[in-house]
Amino acid sequence: TQLLEQSPQFLSIQEGENLTVYCNSSSVFSSLQWYRQEPGEGPVLLVTVVTGGEVKKLKRLTFQFGDARKDSSLHITAAQPGDTGLYLCAGPGGDMRFGAGTRLTVKP
Amino acid sequence: DSGVTQTPKHLITATGQRVTLRCSPRSGDLSVYWYQQSLDQGLQFLIQYYNGEERAKGNILERFSAQQFPDLHSELNLSSLELGDSALYFCASSAQTAHGYGYTFGSGTRLTVV
């Protein structure tokens, strides 16, 4: 089983701050995906990264896939309360395995 | 609306009972995945079906079973329910069984066993 470790587990910041969350594994992945989940809802796909070293931007969110395709990071610039949620990374491996997530709270 | 429909949204039942959760995948998606999400355990993969056939199995208990019907909807059956089975159960669908394709999740069924 390919394990995905996410850090930090919890993050509470003020509106306007920047943050980075991480997704690490000892295994190589063909791709990694990032999802955001809000309370009472299912996860929503944000991005898929496929190529080692790839950087993708989604408005204020920047996703990076490690050169060795074992890790990924999500950087949020000028966080807003609407960014609050559980951020999950996921990697394929016979099925989609999810990390435990980073629970982000952005205070106004 | 994600296009993946799960019913019911909420379910309260007693220990020892049996329940059936239903999922209709997004139009055109052949793969259906079931996940269990508990407060302290994150998203745990249970089982995958592709076009009616079981494709992958995760940490699914023997008391649980699933199937995918010819119209591609899927049902997850949970029997001899225990308090610890209380959780959110999510269904997701994707167009392909190959890796790297994003999943579309439903809004989940919240199961409470009392």
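Residues numbered from 1 in each chain as written. Chains lettered and ligands numbered in written order. Predicted model: local features only at pLDDT ≥ 70, side-chain atom pairs only at ≥ 80, totals over all residues. Heavy atoms only, no water.

S.K.: Help me understand the overall build of chain B in this model?
M.R.: Of regular secondary structure, chain B possesses 0 helices and 11 strands. Reading the helices (α) and strands (β) of chain B from amino to carboxyl end gives β-β-β-β-β-β-β-β-β-β-β. For 114 residues, the compact-globule estimate of 2.2 N^0.38 gives 13 Å, and chain B sits close to it at 13 Å. Within the span of chain B, comprising 114 residues, buried residues form 49% of the whole. Counting contacts in chain B only where the partners sit at least 6 residues apart, residues at least 24 apart contribute 55% of the total. (Helix = DSSP H or I, 4+ residues; strand = E, 2+ residues; numbered from the N terminus. Rg over C-alpha atoms; globule rule 2.2 N^0.38 Å. Buried < 20%, exposed > 50% of the residue type's maximum accessible area, 1.4 Å probe, protein only. Contact = heavy atoms within 4.5 Å.)

S.K.: How should the state of the cysteines be read in this particular structure?
M.R.: The bond known as a disulfide is covalent and runs between the sulfur atoms of two cysteines. Taken as a whole, this structure holds 2 disulfides over all chains when the rule is applied. Covalent S-S linkage joins C23 of chain A and C89 of chain A, the inter-sulfur distance amounting to 2.1 Å. In this structure, the disulfide formed by C23 of chain A and C89 of chain A twists by about 75 degrees around the S-S bond and is classed as right-handed. Pair noted here: C23 of chain A is in strand β3 (residues 19–24) and C89 of chain A is in strand β9 (residues 85–92), with a separation of 66 residues, a long-range link. In this pair, the class of C23 of chain A matches that of C89 of chain A, namely buried. For C23 of chain B, the disulfide goes to C91 of chain B, at an S-S distance of 1.8 Å. (Disulfide = S-S within 2.5 Å.)

S.K.: Explain the interface of chain B and chain A here, please?
M.R.: Reports often express the size of an interface as the amount of accessible area lost when the parts come together. Taken together, the contact between chain B and chain A spans 15 residues of the former and 19 residues of the latter. In this assembly, chain B packs against chain A so that about 1400 Å² is buried in total across both faces, 55% of it on carbon and sulfur atoms. The interface formed by chain B and chain A holds 0 salt bridges in total. Run the count over chain B and chain A and you get 3 residue pairs in polar contact (both at pLDDT 80 or more). Looking at the side of chain B that touches chain A, the elements that each hand over two or more residues are β4 (31–38) and β5 (42–50) of chain B. At 3 residues, the largest contribution of residues to the side of chain B that touches chain A is made by β5 of chain B. (Buried area = accessible area lost by both parts, 1.4 Å probe. Salt bridge = Lys/Arg side-chain N within 4 Å of Asp/Glu carboxyl O. Polar contact = N/O pair within 3.5 Å; in protein donor to acceptor, adjacent residues only side chain to side chain.)

S.K.: Would you mind going over the sheet that holds strand β1 (residues 5–7) of chain B with me for this structure?
M.R.: Sheet strands associate in pairs through backbone hydrogen bonding, adopting either a parallel or an antiparallel arrangement. All names here are of chain B. As summarised here, the arrangement of the 4 strands in space is β1-β3-β8-β7, forming an open sheet in which the pairing is antiparallel. At either margin of the open sheet sits one strand with a lone partner, and together these are β1 and β7 (64–68). Looking at each pair of strands side by side, their axes are set apart by 15 degrees on average, direction ignored. Looking at chain direction, β1 and strand β3 (residues 19–24) are connected through 3 bridges and run antiparallel. Bridge pairing in β3 places Q6 opposite C23. (Pairing = 2+ DSSP bridges. Axes fitted to C-alpha atoms, helices over the stretch in contact; angles between N-to-C directions.)

These figures capture arrangement, not role.
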